[in-house]
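Here's the letter readout for the chains.
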Amino acid sequence: MVNYLALAAILFAIGLFGVITRRNTIGILMSLELMFNAVNINFVTFNKFVATDSLVGQLFAIFIVVVAAAEAVVGLALVILVYRNWRGIDSDKYSIMKW
Amino acid sequence: MVEAADTGVVFWLLAAAVLISGFLVVSLKNIFHCAIFLVICLTAVAGIFLLLDAEFLAAAQVLIYVGAVSILMIFAIMLTSRLAAHNVIQTNRHAIIAFFISMVFGLGAIALIAGTHIWRLAIETLPADNIATIGKLLMTEFMLPFEVVSVLLLAAMIGAIVLARKEGS
C-alpha cells in the first residue's frame, strides 16, 4: 500500500513542477492531468486497502475523471480562443484579467 | 487477476513507466512529444488501476483519458502549431524554485506516508463484481451526483462550442 501512495505522491510532485514551470498553457493542462491521476491512484489505493466494504473510492475517482474531462474541454476551448486573439498561448504573456 | 507473486514485478514496471513518462511530460522541449508521453503515462496509470482491482475505472481511464482527452490535447497543439514548431523556450524562470517546492512536497508526503501507521488495513476484500457494484451505487446512493455530472458535461460541451466558434457565424 505504501508503494502505491508513494507513487501517487511522486506523480503529484512531478505534476506540480510542470504546472509551475510550463509557459505553454497546454503544457499546464497536461501537468494538471498528471496531478488528477495521482489523486485518483490515492483514492483507489485507500479503497482497496482500507475501506473495502464498498466501492465509493473508485466511484469518486470516476467522478474526478469526468470532471477533469469537462475541465480539459473548456480549457482547450479557451486556449484556442486566446491563441486566435493574441497569436500566442504563453501564460506569462496574457495578463488582460490582471487589474 | 494477476497472481500475487507477479504483482510486485508488474507494479514496479508500471510505476517506472508512470514516473519516467510523467517526468518527460513536464521536462521535454517539444510540446507534441509531451502529449505522446502523456498518453503512455495515462495508459500505465490504467494498468495501476487494474492492479488495484478497479477494472471499470481502468477501462474508463483508457476510454476517456487516452481516447478523448489526449486526442483533444493533440488537436489543440496542432491548432496552435506555430508555437510547437519553433524551438521556443517552454519553461519560465521559476524552474529552480519550482524544483524545490515540488521536492519539498514530494519528500514530505513520502516521509508522512512512511511514518504513518494509523491506517487500519481491512481484512476483507473488495466486492467481487466491480461493474455491478458501481452501477448499483450510481443508481441508488449517488443518484444526485450522477445527474449533476451529466448536467456539468452538457454545460461544458455548450461552453466549449460557444467559446471556440468564430464570431458572427
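Residues numbered from 1 in each chain as written. Chains lettered and ligands numbered in written order. Predicted model: local features only at pLDDT ≥ 70, side-chain atom pairs only at ≥ 80, totals over all residues. Heavy atoms only, no water.

> Just give me the short version of the overall build of chain A, but keep the residues and values in it.
On a plain count of helices and strands, chain A comes out with three helices and zero strands. Listed N to C, the secondary structure of chain A is α-α-α in terms of helices and strands. A fraction of 60% describes how many contacts in chain A between residues 6 or more apart in sequence connect residues 24 or more apart. (Helix = DSSP H or I, 4+ residues; strand = E, 2+ residues; numbered from the N terminus. Contact = heavy atoms within 4.5 Å.)

> An account of the state of the cysteines is requested, with residue identities and associated values reported.
Residues and elements named next belong to chain B. Enumeration according to the criterion identifies zero disulfides over all chains in this entry. Among the cysteines around cysteine 41, which has no disulfide bond, cysteine 34 carries the closest sulfur, lying 12 Å off. Judged by its relative accessible area of 0%, cysteine 41 falls in the buried class. (Disulfide = S-S within 2.5 Å. Buried < 20%, exposed > 50% of the residue type's maximum accessible area, 1.4 Å probe, protein only.)

> Explain the packing of helix H2 (residues 25-49) of chain A against helix H3 (residues 56-86) of chain A to me, using residue names and the numbers behind them.
Residues and elements named next belong to chain A. Running from amino to carboxyl end, H2 crosses H3 at an angle of 175°, the nearest separation of the two axes being 9 Å. Overall, the two elements H2 and H3 adopt an arrangement that is roughly antiparallel. For the contact of H2 with H3, a count of residues per class yields 16 nonpolar, six polar and two charged. (Axes fitted to C-alpha atoms, helices over the stretch in contact; angles between N-to-C directions. Parallel < 35°, antiparallel > 145°, perpendicular 65-115°, else oblique. Nonpolar A, V, L, I, M, F, W, Y, C, P; charged D, E, K, R; others polar.)

> Give me the lowdown on H2 of chain A, citing residues and values where you can.
Because an α-helix packs 3.6 residues into every turn, residues spaced three or four apart end up facing the same way. Spanning 25 residues, H2 of chain A covers 37 Å between terminal C-alpha atoms, matching the ideal 36 Å at 1.5 Å per step. Structurally, the start of H2 of chain A carries an N-cap: the backbone nitrogen of isoleucine 26 of chain A is 3.1 Å from a side-chain oxygen of asparagine 24 of chain A. (Expected span 1.5 Å × (residues − 1). Polar contact = N/O pair within 3.5 Å; in protein donor to acceptor, adjacent residues only side chain to side chain.)

> Summarise the pattern of salt bridges; cite the residues concerned and give the values.
Inspection of the entire model under this criterion finds one salt bridge over all chains. Among the salt bridges present, the one from lysine 48 of chain A reaches aspartate 53 of chain B, with a minimum N-O distance of 2.9 Å. Highlighted residues: lysine 48 of chain A in helix H2 and aspartate 53 of chain B in the loop between helix H2 (31-51) and helix H3 (55-79), drawn from two different chains. (Salt bridge = Lys/Arg side-chain N within 4 Å of Asp/Glu carboxyl O.)

> Please set out the environment of isoleucine 26 of chain A residue by residue, giving values where relevant.
Residues and elements named next belong to chain A. Structurally, isoleucine 26 is set in helix H2. On the basis of relative accessibility, which here comes to 1%, the residue isoleucine 26 falls in the buried class. In the structure, isoleucine 26 is positioned 18 residues away from valine 44 in sequence and 27 Å away in space, judged by C-alpha atoms.

> Which residues make up the interface of chain B and chain A, and what values do they have?
With 79 residues of chain B in contact, the opposing surface of chain A contributes 68 residues. Between chain B and chain A lies a buried interface of about 6800 Å² when both sides are counted; carbon and sulfur atoms form 78% of it. When the buried surface of chain B facing chain A is broken down by residue, Val26, Leu52 and Tyr65 of chain B rank first, second and third, together holding 10% of it. Along the contact surface separating chain B from chain A lie one salt bridge. Between the two partners, chain B and chain A, sit eight residue pairs in polar contact (both at pLDDT 80 or more). (Buried area = accessible area lost by both parts, 1.4 Å probe.)

> Residues and numbers for the layout of surface pockets, please.
Approximately 300 Å³ is the volume attributed to the largest pocket. Along the wall of the largest pocket there are 17 residues; nearest its centre are Val66 and Ala69 of chain A together with Ile64, Val149 and Leu153 of chain B. Of all the secondary structure elements, the ones that give two or more residues to the lining of the largest pocket are H3 of chain A together with H3 and helix H7 (143-164) of chain B. Take the lining of the largest pocket: its biggest share by element is seven residues, from H3 of chain A. Along the lines of polarity and charge, the residues of the lining of the largest pocket split into 16 nonpolar, one polar and no charged. Residues from two domains meet in the lining of the largest pocket; each of domain 1 (4-93) and domain 2 (127-169) of chain B gives at least three. (1 Å grid on protein atoms, 1.4 Å probe; cavity = no way out; pocket = protein on both sides within 12 Å on 5 of 7 lines; lining within 4 Å. Points joined across faces, edges and corners; volume = space filled by probe spheres on them. Domains from an automatic or database assignment.)

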